[in-house]
Amino acid sequence: QRTLSSKADATSCCSLPSLSLQSKRSRIEGAEKLTAENEAAKKLSVPLTLGKSNISTSPTTMSRNISLSLMMLIDSRLRSSILALMKQVTDSGREQSLHSKILMSLLSSERAILWSAAVTSFRVVPVDDIQGETGIILPVIFDVVIDLITLGNVVPVSLSAPGTITGSLSPSEDGLEFVEMTIDTLGLLQNMMKQ
């Protein structure tokens, strides 16, 4: 069984996308030239670098970050849609109906949609040649199922995106020196926006 080498213990040994839309704008190089969608995808791809001592936190961190990012997108879309509908009601001169009162309560509520649980997984895509210049490279599919609660009902949301996992072997020890994961964050973001 291969393990991460002791050399990697003092430094980072794993890099994966943070999947967080809350990444600081200053960390996004060239963000001022990007479309909003590309900037968001870039934020999702900001690397989360881990060492041997905290690599075990990566599944929880990725699940939490992707769930919170999805909640940010849903909240933004919900608020903009409700505001547009309320403007139509106001502009038409009609009295507020029961529907518009429900919309207003959703708009004023911070808990209109809640995140309940998330499960992430990676599936390796079978390939013939897995050796690359930097080590072993495997194509993967990142899958996540997020359970949201809206109006008392559990609504599962499934997302997936392709990516790669690269492992470099330690020349002096029988183990991995560094692991890097990439995910097509633009594709993931577009998948999230369809939900």
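Residues numbered from 1 in each chain as written. Predicted model: local features only at pLDDT ≥ 70, side-chain atom pairs only at ≥ 80, totals over all residues. Heavy atoms only, no water.

1. Things to note about helix α4 (residues 185-194)
Next, step 1: Along α4, the positions that sit buried rather than exposed are T185, L188, L189, N191 and M192. Along the long axis of α4, the arc covered by the buried residues comes to 160 degrees, so they all point the same way.
Next, step 2: Sitting at the amino-terminal end of α4 is D184, which places a side-chain oxygen 3.4 Å from the backbone nitrogen of L186. (Buried < 20%, exposed > 50% of the residue type's maximum accessible area, 1.4 Å probe, protein only. Helix = DSSP H or I, 4+ residues; strand = E, 2+ residues; numbered from the N terminus. Arc of directions from axis to C-beta. Polar contact = N/O pair within 3.5 Å; in protein donor to acceptor, adjacent residues only side chain to side chain.)

2. What about the side chain of S20?
Next, step 1: Within the element layout of this structure, S20 appears in the loop between β2 (14-17) and α1 (36-44).
Next, step 2: One polar contact links the side chain of S20 to the main-chain amide nitrogen of Q22, over a distance of 3.1 Å.
Next, step 3: Here S20 is in contact with K43, L44, N65 and S69, once residues within four sequence places are set aside. (Contact = heavy atoms within 4.5 Å.)

3. A look at the packing of α1 against α4
Next, step 1: In contact at an axis separation of 8 Å, α1 and α4 are set at 115 degrees when each is read in the N-to-C sense. As summarised for this structure, α1 and α4 are arranged roughly perpendicular, according to the angle between their axes. Seen from above, α1 lies across α4 with right-handed handedness. Where α1 abuts α4, its residues E37, N38, A40, A41 and L44 lie against T185, L186, L189, Q190, M192 and M193.
Next, step 2: A per-class count over the contact of α1 with α4 returns 7 nonpolar, 3 polar and 1 charged. (Axes fitted to C-alpha atoms, helices over the stretch in contact; angles between N-to-C directions. Parallel < 35°, antiparallel > 145°, perpendicular 65-115°, else oblique. Left-handed = near helix turned anticlockwise from the far one by under 90°. Nonpolar A, V, L, I, M, F, W, Y, C, P; charged D, E, K, R; others polar.)

4. Some remarks on the packing of aromatic side chains
Next, step 1: The final tally for this structure, using the stated rule, is 1 aromatic pair.
Next, step 2: For the ring pair F122 and F142, a centre distance of 5.1 Å and an interplane angle of 40 degrees mean the geometry is tilted. Of this pair, F122 sits in strand β4 (residues 113-124) while F142 sits in strand β6 (residues 135-150); the two residues are 20 residues apart in sequence, bridging distant segments of the chain.
Next, step 3: We classify F142 as buried; its relative accessible area is 1%. (Phe/Tyr/Trp six-rings, centres within 6.5 Å; stacked < 30°, edge-to-face > 60°.)

5. Overview of the confidence of the model for the protein chain
Next, step 1: Predicted confidence across the protein chain gives a mean pLDDT of 81, with 82% of residues reaching 70 or more.
Next, step 2: Within the model, pLDDT remains below 50 along residues 1-10, and this stretch shows 24 contacts once partners closer than five positions in the same chain are excluded. (pLDDT = per-residue confidence, 0-100.)

6. Here's the deal with the pattern of salt bridges
Next, step 1: Tallied over the full model, the rule gives 2 salt bridges.
Next, step 2: Residues D143 and R123 are paired through a salt bridge, measuring 2.6 Å at the closest nitrogen-oxygen approach. Placement of the pair is D143 in strand β6 and R123 in strand β4, with a sequence separation of 20 residues.
Next, step 3: According to the relative accessible area criterion, D143 is buried, its value standing at 18%.
Next, step 4: Judged by its relative accessible area of 45%, R123 falls in the partly exposed class. (Salt bridge = Lys/Arg side-chain N within 4 Å of Asp/Glu carboxyl O.)

7. Focus on the environment of M86
Next, step 1: Counting through the fold element by element, M86 comes out in helix α2 (residues 58-92).
Next, step 2: Linking M86 and K101, residues 15 residues apart in sequence, is a C-alpha distance of 9.5 Å.

8. Overview of the side chain of S67
Next, step 1: Summarising the element assignment, S67 is placed in helix α2.
Next, step 2: Residue classification places S67 among the buried residues on the basis of a relative accessible area of 1%.
Next, step 3: At 2.8 Å, the side chain of S67 forms a polar contact with the backbone oxygen of S63.
Next, step 4: The contact partners of S67, leaving out residues within four places of it in the chain, are W115, A118 and I146.

9. Things to note about α1
Next, step 1: Residues E39, A40, A41, K43 and L44 constitute the buried set of α1.
Next, step 2: Where α1 is buried, its residues touch β2, α2 and α4.

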